[in-house]
Structures are given as C-alpha cells and as structure tokens.
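Residue strings, one per chain:
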Amino acid sequence: MDNIITFFIAVPFIAGLLCLFIKRPAFYLKEAISLLISIGMFVFAIGLFGFSLAIKTSGYATELFWIDSLSKFMFLCITFFTLAIIVYSIGFMKKAPKLNQFYGYILLTMSASIGAVFSNNIILFIVFWGFLAIMLYLLIGLGEHPDTAEFAKKSLIMVGGSDSLLILGSVILIFLSKSFFFSEMKIPLFSTTAILGFFCLLSAAFVKAGVFPVHTWIPDIAESAPVPALAFFPASLDKLLGIYLFARIYLDIFMFNPDIQIIICFFGSLTIIIAVLMALNQHNMKKLLSYHAVSQVGYMVLGIASATPIGIIGGLFHMLNNALYKTGLFFGAGSVEKQTKTDHMDKLGGLAKYMPVTFFSFLFAALAISGVPPFNGFFSKWFIYQGLITEAKNNPSFVLWIVAAMFGSALTLASFLKIIHSVFLGHSKQEKVKDSSLWMLVPMVVISIICLLFGVLWWIPVRTFLLPIIHTRLGIMTILGGISLNLGIMLIIIALIIGLILYLFMTGKTFRKVPSFIGGEQVNPDMEMSGTEFYRTIEETDFFAPLYRFAKKKYFDIYDIVKSIIEYFGNILKKVQSGVLNTYITWILFGVIVLFLLFFGV
Amino acid sequence: MINPFVFIALPMGMAFLIALIGHQYKKSPDFLANLTMGILFILSAICYGKSTIYYIGNWSPSIGIPLVLDGLSGLMLIIINFIGFMSAIFSIQYIEKFYTSKLRYYGLFLLTIAGLNGIVLSGDIFSIYVFLELASISSYALVGFGCGAEELEAAFKYLIMGTIASFFILLGIALLYGATGNLNLAAIANVVQSQGFSDPIKIAFIFLISGFFIKAASIPFHSWLPDAHSSAPSSISAILSGIVVKITGIYCIIRLVYNVFGATVLISHILLYIGLISIILAGIMAFMQTNIKRTFAYSTISQLGYVFFALGIGTPLAIFGAMFQLFNHAIFKPLLFLNSGSVDYQTGEKVINKMGKLNEKMPVTSTSTLIGSLSISGIPPFNGFWSKLIIIIAAVQANLIGPAIWAIIGSILTLSYYSKVLKCCFFGKGAQFNEEKWKSFREVPGLMLIPVITLAFMCIIGGIFIIHGYNGFFGRPVKDIINGPLWYIQSVFGSYK
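Residues numbered from 1 in each chain as written. Chains lettered and ligands numbered in written order. Predicted model: local features only at pLDDT ≥ 70, side-chain atom pairs only at ≥ 80, totals over all residues.

1. Brief notes about the overall build of chain B
Put simply, the rule is: Secondary structure elements follow DSSP: runs of H or I no shorter than four residues count as helices, runs of E no shorter than two count as strands, and numbering proceeds from the N terminus. Counting other C-beta atoms within 10 Å of each residue's C-beta, where C-beta atoms are placed from the backbone, gives the exposure class: buried for 20 or more, exposed for 12 or fewer, partly exposed between. For every residue pair, C-beta atoms are placed from the backbone, and the pair is scored as a contact if these atoms sit within 7 Å.
Helix and strand content of chain B: 21 helices and two strands. Judged by the C-alpha coordinates and their principal axes, chain B covers about 70 × 60 × 40 Å. Counting all 497 residues of chain B, 65% fall into the buried class. Of the contacts made within chain B by residues no fewer than 6 positions apart, 80% connect residues no fewer than 24 positions apart.

Have a look at this one:
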C-alpha cells in the first residue's frame with residue numbers, strides 16, 4: 001500500500017514543480033497539466049474509496065502511511081476541492097499575469113495535504129503539515145492588494161508558529177507513547193505533560209481551522225489574497241486539515257477527559273458567536289464570508305467535542321458541507337469581483353438580473369450555510385444539535401453551548417440576508433455586467449447542486465463517507481435509528497408550506513404593489529438604502545459598541561497582543577544595548593562574576 | 001594520508017604570495033585565493049572521517065606541538081573551508097564594487113582561514129591561543145575594511161572586546177599551566193582527570209570559558225557581535241557569523257568541556273541556561289531591528305543559543321542535534337548574509353524600510369532568502385527543521401520540558417523576525433520605499449549567484465544528513481564528544497609512535 005500512496009503524493013508534487021518552471025508563453029500548458037492531474041487524482045480517490053472499502057473497513061498501519069476510512073474520506077475531499085478550484089481558476093485567471101505560479105503552488109499543496117492525511121509516522125506528518133504553511137504564504141502573496149505582504153506575513157507567523165507548537169506536541173507524543181506511529185498511540189489525558197502536548201497539538205489544529213482566539217489571520221487575508229486561494233485555503237482545505245487533526249488527536253490519540261471537553265466547547269461556542277457578530281458589520285463581502293468561515297468551525301468543534309457518535313457524524317458532515325458551500329460562496333464572490341472589479345458591498349447591487357447563474361448558486365450556498373432545509377447545512381447542524389443534546393444528559397454545561405450554537409445560526413441567516421440584498425438585489429449600481437465564463441460557472445453550479453443533493457439525500461453521504469469512520473472507532477453501525485429526524489423535517493416543511501400559502505394568498509388581496517417611494521417621490525438609486533447598513537443598531541447598542549470599537553483597534557487579536565508584549569521587552573533591551581563600550585564591558589564582567597559565584601559561592 | 005599541516009601552511013603561504021605579487025598582476029588575488037579555498041575544501045572533504053596526529057618538526061609529545069585531526073576537527077575543517085570557498089567566490093565581484101585593495105582583502109581573508117584551521121587542528125592550548133589571535137586580528141581588520149565611521153567604530157569595539165577575551169584566555173592558560181605543568185590538551189586532561197577539579201584549575205577554567213563565551217557571543221558576553229557583523233563587508237559577515245564565531249567560541253568550548261575538563265552537572269546547566277537566555281533575548285532584539293544585517297547578526301546569537309542549549313542537555317542525541325544545528329547554521333547564515341550583500345550590491349541599502357518588492361527584480365536572491373529564512377525558522381522540510389526537531393526531542397527525553405517550551409518560543413520569534421525581513425525587502429515594501437530607484441534594479445551578476453544557489457540547495461537537501469543517525473555524517477564528531485576526556489587522552493597518546 002505504501003507504493004500507491006507514494007504515487008499519490010509524488011505525482012502532483014512533480015507536476016507542481018514542473019508547473020513552477022514553465023514560463024509565461026506556455027501558460028495553457030500549466031492549465032492543461034494541472035487540470036489533467038487533478039482529474040486523475042480525483043478518479044484515483046474515488047477508486048481507492050470504493051476498492052478498499054470493499055476489502056477492509058478497519059484501519060491498518062504500515063511503516064509510514066496508513067489508510068483508514070477517515071483518511072480515505074479526506075483524500076476524496078482534497079482531490080475534489082482541488083479539481084473544483086483548478087477549473088474555476090482557469091476562468092478566473094484569464095488576464096491575470098501575476099498569478100503565473102498559482103497552478104504550481106496548488107498542485108504542491110495538494111500533494112502535501114494528501115501526504116498529511118495519509119501519514120502514520122508523526123515526523124512525516126509534521127513535514128507535510130509545515131510544507132503547507134509555506135504554500136499558504138506563497139499563495140496569499142500572489143494577491144495584488146497593497147497589504148498583501150503584511151497579511152501574508154501575519155499568516156505565515158501564525159500558521160508557521162503553530163507548526164512549532166505542533167513539533168513540541170508531537171515530540172511529547174513520541175515521548176509518552178514511545179512510538180513514532182499514530183496508529184499505536186493511545187494516551188491518557190491526565191498528566192501535566194500529556195495535557196501540555198494535547199494543547200500544543202490542539203493549537204496547531206485550531207490555527208489551521210481558525211478557532212477563536214487564533215483565527216485572526218483568516219479575516220485579514222480575505223481582502224488581500226486572490227479569490228481561488230481563499231476558496232482553497234481558509235474555505236476548504238485548511239478546514240478539512242485542521243478538523244482532521246483535531247478529530248485525530250481528540251478521538252484517536254488521546255483518551256477522553258471531561259474537563260478538556262468543556263474547555264474545547266467553550267472556545268467552539270465563543271468562535272461561533274464572536275465571528276458571526278463580526279461578520280454582521282462588514283462592508284466587504286469577502287471579509288464577511290471569511291468571518292463565516294471562522295464561525296462555522298465552531299459547529300464542527302462542538303459536534304466532535306461532544307464525543308457522541310451522532311455529534312461526531314454531525315461535526316464531520318458539517319466539515320464537508322461547510323467546505324462545499326463556503327467554496328461556493330467564495331466562488332460567487334470571486335465571480336462578482338471579477339465582473340464588477342470591486343468587492344465592496346456599498347458599490348454593488350442588483351446583480352441578480354445580470355448574473356443569474358452566479359446569483360442562484362450563491363443563493364443556494366447562502367441558504368445552505370444558514371441552515372435552511374432542505375439544504376445540507378441544515379442536516380449537519382441538526383446532527384450536531386442532536387449530539388449536543390445527547391451529551392447534555394451527562395454534562396449540563398452543554399445547554400449553554402446549544403444556546404450559543406442556535407444564536408449563532410440565527411445571526412448567520414441575518415448576515416446572509418444582508419449580503420444577498422446588497423449585492424444581488426436592489427438597484428443596480430454598475431454598468432451592464434455579464435455573467436462569468438463557463439469555466440467559473442460550472443464549478444459553482446456543481447457545488448450548489450451538491451449542496452442541495454446532500455441535503456435532500458442526506459443519508460447517502462452519511463452512509464457512504466461518515467458511518468465507516470464512526471464504525472471503525474465505536475463499532476456502531478445503526479445509530480441513525482435513534483434520530484427523530486422525520487418529525488423535525490415534517491414540522492419544518494409544514495411551516496414552510498403554511499408560510500408559502502399565506503404569502504401567495506395574502507399578498508394578492510390585502511396589499512397593492514407600487515414602486516417604492518419616499519415623501520411622494522420615486523426612489524432613485526441615490527436615495528436607496530444599501531444593505532451594508534443593516535444591523536447598525538446592533539453595533540450601536542451600549543453593550544456591543546465598545547466591543548466593536550476594541551475589535552476595530554485589534555485589541556482582541558492575539559497576534560497584535562503578543563507583538564506588543566515583545567516590543568515592550570524589546571524596548572527595555574534596546575536601552576541595555578546602548579552602543580556605549582563601558583556598558584558592554586560591565587556586562588562581560590557581570591557574566592564572569594556570575595560564573596565565579598556559581599563555581600565557588602553556592 | 002594528507003599532512004594536516006597543509007591546512008595551515010597553504011592559506012598562510014598564499015596570503016604572503018598574494019601580498020607579494022598582487023600589485024603586479026591585478027587578477028592574481030582573485031584567482032589565487034579562490035584556488036586556495038577550492039583546494040582546501042577538497043582536501044578537507046578527503047580528510048573527513050580520518051584521524052591522524054602530526055607533531056610539527058617531529059618533536060617529542062611532551063614538548064612538541066601536535067596537530068590532532070579527529071572526527072570533530074574534521075567536521076569543523078569541512079565547515080570552515082566550504083564556507084570560506086563560497087564566500088571567496090562571492091567576494092570576486094562584491095568587493096570589486098564597494099571596496100578597494102583586493103590584495104589586502106584576500107590576504108586577510110586567507111590569514112583568517114589559516115587561523116581557524118589552526119585552531120581546530122591544534123592539540124595544544126597555547127597554539128590554539130596563537131591561532132585564535134591570528135584569526136581574530138585579521139578579522140578586526142576585515143570588519144573595519146570599509147573605513148567608514150561606522151565600520152571603524154565597530155572594528156574598534158570588536159578589537160577591545162576581543163582583546164578582553166584574549167586576555168581572559170591567556171590568563172586561563174597561564175593558570176592552567178601553573179596548575180598542571182602542561183600545555184598539551186591531552187596531558188592537561190590527564191592531570192585534570194587524575195587530580196580532579198582543584199581550585200586553581202577551576203579558576204583557570206572560569207577564565208578560559210568566559211573568554212570563549214565572549215568569542216561565541218553568548219548573552220551577556222555578546223555585545224560586540226551585532227556591530228561587528230553588521231558593519232563588515234557582507235562576504236566577511238558570512239565568514240564571521242558562519243564560522244569564526246563557531247570555531248573561536250563554540251568549538252573551543254566543546255573541546256575544553258567535553259575532551260579536557262569533562263562535563264559536570266554545573267557546567268551542563270551553565271551551557272543550557274546561557275543557551276536559553278541567548279535564544280530568547282537575542283530573538284527579541286532581532287525582532288526590534290530595522291537594519292537587515294543587524295537582524296541577521298542578532299539571529300546568529302539566538303541560533304547559536306540552540307547549540308549551547310543542546311550541548312547543555314548532554315545526551316548523545318542532544319550532541320547530535322548540536323552538531324547538526326551548528327552545521328546547518330553554517331549553511332543558512334552565510335546564505336542570508338551573502339544575500340544581504342547582493343541586496344546591498346544592487347540597492348545600496350541596509351535599512352529594510354527603504355527596500356521593497358525585490359522579488360520582481362531579483363528572483364534568485366529573493367527565493368534563496370526565502371529558503372534560508374524558512375530553514376532558520378525551523379519550517380519543514382528544510383534542514384533547520386531537522387536539527388531543531390532533534391534538539392527538542394532530546395530536551396523532552398531528558399525531561400527538560402520547560403526549557404523545551406522556551407526553545408519553541410524562540411523558534412516562533414525567529415520566524416516572526418525573518419518574515420518581517422521577507423515582507424519589507426522582498427515580497428512587500430517598506431515605509432520609505434522608493435519606486436523610482438526600484439525600477440533600475442536587476443539581479444546580481446552570475447558569479448555572485450553561484451555560492452547563493454549552492455547554499456540554498458544545501459538548505460533544501462540538508463535533511464538527508466539525518467539518515468543513518470549515529471553512523472552517518474555526524475557520527476564521528478558526536479562519538480568524539482560523548483566519549484569524553486579519557487577517550488581523547490587515549491586517542492592522542494595512544495597513536496603516537
């Protein structure tokens with residue numbers, strides 16, 4: 001099995017290197033290579049999924065790599081999203097000469113991610129994981145915003161710094177388990193050393209996935225990085241990998257500890273609330289989406305942290321769903337940006353008329369993320385709630401987390417109303433724009449259809465992808481019997497139908513339709529209220545106003561906090577390093593005296 | 001078998017030859033110096049892994065000067081002559097642009113190399129001192145080579161501090177001679193091992209180690225280094241940070257502590273904590289700098305802190321990590337300094353705020369700086385990652401988890417100040433970026449790129465040296481260190497016939 005996985009890693013790697021060395025005139029060659037490789041890998045992934053599942057469902061270990069149902073599932077996801085992004089980029093990158101190296105980086109990233117999910121040897125895992133940080137840095141650096149370099153630096157420091165913690169955590173793992181292989185690790189989570197190791201690994205997973213308080217690089221890069229890179233990293237791949245690592249350490253490597261569970265849930269629900277509150281007052285659509293990319297992670301964390309089978313399924317299903325609709329949303333935003341040359345919601349409006357395909361796929365994805373049935377987001381959230389409720393019987397604190405999750409869900413819907421209203425509805429503020437090219441539309445449409453299908457036919461992905469994962473761990477195959485899904489769906493569908501009936505029958509009779517007017521005058525575009533001003537009231541309430549103000553000054557950003565601490569100590573040290581020779585010699589004498597004291601005095 | 005004396009005699013002789021004929025034949029200094037360094041590098045590669053002892057003039061062991069080539073000195077020889085070679089190639093065009101007199105430059109350069117080779121080969125503490133002075137005095141002159149105000153001030157400070165270090169070392173040697181009646185390292189080791197750590201020997205040891213700490217620039221003995229390394233011509237900064245600090249400081253400490261006096265618990269703790277203090281404080285200082293070369297200079301202190309840290313842990317794995325880190329640092333720090341030289345060559349700037357967007361104009365320089373920065377920050381899969389990983393594993397295995405956390409914090413600090421340099425110089429732009437000047441920049445000439453590309457390539461493949469562990473590339477030096485004084489005594493006296 002080692003050989004075939006080496007092949008999976010080597011092929012995109014070599015192709016990626018090749019793409020880096022192809023010069024500008026042969027740009028189409030890069031596109032062809034990356035398209036072919038990604039299609040090939042996707043086919044392989046489907047093949048591997050079907051093939052090995054039939055032969056063996058339990059995980060088994062070889063020297064360096066392992067294949068179990070979780071890593072196979074991850075492999076499939078990685079190849080699918082890479083394919084989608086490459087197809088989309090072919091459309092997006094037309095006439096964007098700076099993005100020359102894009103395909104090479106994407107293929108190298110794909111190779112490293114495949115390596116990371118299949119690694120059984122922990123050192124090998126760190127190598128692949130660290131390589132991803134470099135690729136993230138280079139991909140963000142391709143953006144053309146003036147602040148690109150600053151935010152690329154910030155994400156390199158945060159993600160690369162978390163890699164250092166990952167190294168420490170892994171070394172502690174090796175020390176505690178006396179083994180280099182994930183498959184042989186099972187560590188009780190009670191000693192101080194084990195808890196330290198766990199939190200080191202956890203912080204690496206959380207930085208990657210973007211959990212409060214280490215999420216801050218994601219909203220920052222949203223404005224500056226190129227859209228395909230956004231759709232690739234914060235939206236899909238980093239979520240997949242971060243949650244993968246979290247699931248591995250929380251479920252497989254360490255044993256369960258209820259106190260740790262509460263801490264994780266606390267950060268999970270804080271992530272949901274804080275990120276969604278920040279999303280409400282954004283004026284830039286990519287930034288708004290990126291706050292949602294953070295917020296949704298909270299649900300996955302909560303679901304997996306509940307440690308109930310249904311919750312884990314919900315968490316992983318949400319991970320998949322989130323990657324789908326978030327990629328779709330970023331694709332939509334990119335398509336709007338490409339056609340209108342702006343990503344500020346104040347300057348957009350009424351695009352539904354001109355870009356109907358983009359609008360509908362964006363709408364589908366927005367409904368999915370807001371958890372509206374019958375889209376996929378509803379079902380994964382439903383599972384997560386079920387998991388939380390189940391766990392609440394053992395641990396009363398879970399009631400709090402459920403409330404937080406529901407509150408977040410409502411606010412998510414609210415902020416998507418804002419983005420849809422201000423970008424696609426209302427008066428048009430742009431000259432006539434056309435819908436994007438077919439290369440860009442196809443992946444968007446495919447993804448939004450999958451969003452719908454995974455909702456309507458939710459048991460298919462759950463049975464195919466997720467149950468084997470749970471099965472190998474907990475030995476449970478028939479948990480779905482315990483879910484009272486049908487009643488819930490019934491009620492919701494009934495509610496929707498009643499709403500529809502009321503709308504259809506009431507509007508015609510009781511109201512009359514006229515164009516909007518203010519003070520007897522027809523509304524012209526200048527007078528229209530933009531959607532960006534929605535929810536100003538929340539921002540201005542006594543409770544939230546100072547918080548938003550502090551957030552704007554970056555008081556909550558762990559990166560800036562640490563930076564100012566270092567600068568504080570640095571300024572003290574600068575005074576010592578004064579340039580005066582006498583001071584320097586005093587320091588040397590001080591050192592010698594200390595040495596004397598150590599050898600003779602004490 | 002190659003006579004080890006050639007490593008000292010060849011560069012020294014060439015230095016004189018260059019001084020003699022350099023005036024008549026303008027191209028001869030370039031040619032002769034590069035030829036010498038090339039030969040020395042090949043010879044050191046041939047010698048690696050072999051061991052021999054040569055008594056200069058065939059005097060008897062008690063009074064003669066022995067040249068001891070063992071695993072540790074073999075490794076050091078490779079590092080010295082390889083980095084010297086790279087820097088010499090770089091100097092050909094770099095020195096031409098900014099500085100005058102090539103024959104003086106290469107003369108001093110070769111004398112430094114001769115001194116360093118002498119230090120690692122000497123088996124006699126007084127000749128170590130002599131060679132140390134040879135290397136130091138030539139490097140004082142090289143630091144002030146530009147003759148600007150800043151350079152001269154730095155050279156003066158370097159001279160004063162270096163002289164204090166030499167004074168301490170000489171005092172230590174005198175006390176040691178008084179206490180043991182010997183100058184031969186193995187003979188001293190013999191006396192120390194049989195008599196134990198008496199008070200005079202302790203005092204001698206403190207003076208010796210303080211002197212070498214100054215040379216190795218560990219905090220709080222470090223203060224000369226940032227000035228000296230940032231004011232020197234960049235090719236010389238590469239030599240200073242890449243090898244001079246390591247040989248005159250760390251190598252001598254390793255030799256004394258592990259092969260002569262023996263590592264006691266106290267000494268190990270001193271090394272461990274001096275290493276940690278250097279990692280953190282120098283890291284913070286590097287973070288505060290705005291001059292590209294000063295950042296790199298502070299980073300040298302911080303990164304060599306890892307070597308001391310690992311030496312202080314003292315397990316075989318840690319020593320392995322220390323050797324690996326020392327070797328890796330000798331790869332990426334010269335790479336970074338040479339690149340700062342390339343940037344200086346094109347832009348004439350050293351302040352990072354005034355630079356920007358060089359990745360569009362100087363792709364090779366910026367890519368290799370990226371590689372060097374990622375390696376030094378310990379990002380996989382580059383070489384710096386492997387050495388740091390080994391050091392952290394060794395620390396955790398020795399149950400030093402607290403210090404390991406600090407070492408990790410140091411690593412994050414390293415990443416942050418290197419990404420600042422990358423952002424301001426190469427991928428973004430500084431606050432006072434000058435667009436007009438920027439348009440005329442080009443990549444530096446090919447001869448300056450050869451060493452840079454070679455070193456960057458070594459950063460990428462450097463991880464392979466980990467293969468075979470103790471039986472591999474670093475096996476011999478690690479064995480020489482961990483086998484301790486008795487082994488050293490035996491290997492020096494046992495093989496004399």
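From this point, the narrative continues.
2. Some remarks on the interface of chain B and chain A
Put simply, the rule is: Polarity classes work like this: nonpolar for Ala, Val, Leu, Ile, Met, Phe, Trp, Tyr, Cys and Pro, charged for Asp, Glu, Lys and Arg, and polar for all others, with Gly in that last group.
Tallying the contact residues gives 45 residues for chain B and 44 residues for chain A. Breaking the side of chain B that touches chain A down by element, the ones donating at least two residues are helix H6 (149-180), helix H8 (199-216), helix H11 (265-288), helix H16 (383-397) and helix H17 (401-427) of chain B. Considering each element in turn, the side of chain B that touches chain A owes the most residues, 12 residues, to H17(B). The residue makeup of the side of chain B that touches chain A, split by class, is 32 nonpolar, nine polar and four charged.

3. Notes on helix H14 (residues 376-392) of chain A
Under the convention used in this document: To estimate how far a helix should reach, multiply one less than its number of residues by 1.5 Å.
Between its terminal C-alpha atoms H14(A) stretches 24 Å, which fits the 24 Å expected from 17 residues at 1.5 Å a residue. Taken across its 17 residues, H14(A) has 14 buried, putting it largely inside the fold.

4. Points about the environment of B:Ile39
Inspection of the secondary structure assignment puts B:Ile39 in helix H2 (residues 28-47). On the basis of neighbour count, B:Ile39 is assigned to the partly exposed category, with 16 C-beta atoms found within 10 Å.

5. Brief notes about the confidence of the model for chain A
Reading predicted coordinates in detail is not appropriate for stretches of low pLDDT. The criterion, for reference: The predictor attaches a confidence to each residue, called pLDDT, with possible values from 0 through 100.
For chain A, the mean per-residue pLDDT works out to 81, and 87% of the residues sit at or above 70. In this model, residues 53-61 of chain A is a region of pLDDT below 50 whose contacts with residues beyond four sequence positions or in other chains number 16 contacts.

6. Considerations on the nonpolar core
Stated formally: For our purposes the nonpolar core covers buried Ala, Val, Leu, Ile, Met, Phe, Trp, Tyr and Cys residues that link as a set through C-beta atoms within 7 Å. As annotated, the domain borders come from an automatic or database domain assignment.
A:Phe246, B:Ala310 and B:Ile392 are the most contacted members of the largest nonpolar core, which has 396 residues in total. Both domain 1 (256-481 + 527-556) and domain 2 (558-601) of chain A contribute no fewer than three residues apiece to this core. Beyond its immediate sequence surroundings of up to four residues, B:Ile392 is in contact with A:Ile167, A:Leu168, A:Val171, B:Ala404, B:Ala407 and B:Ile408.

7. Points about unusual backbone geometry
Residues and elements named next belong to chain B. Looking along the chain, the bond that leaves Ile219 and enters Pro220 is cis, with omega of 10°. Here Pro220 shows up in the loop between H8 and helix H9 (225-231). In this structure, the amide linkage connecting Pro380 to the following residue, Pro381, adopts the cis form with an omega of 5°. Here Pro381 is to be found in the loop between helix H15 (363-376) and H16. One non-glycine residue, Ala217, lies in positive phi territory at about 60°. Note on placement: Ala217 falls in the loop between H8 and H9. Phi is positive for Asn399, which is not a glycine, with a value near 65°.

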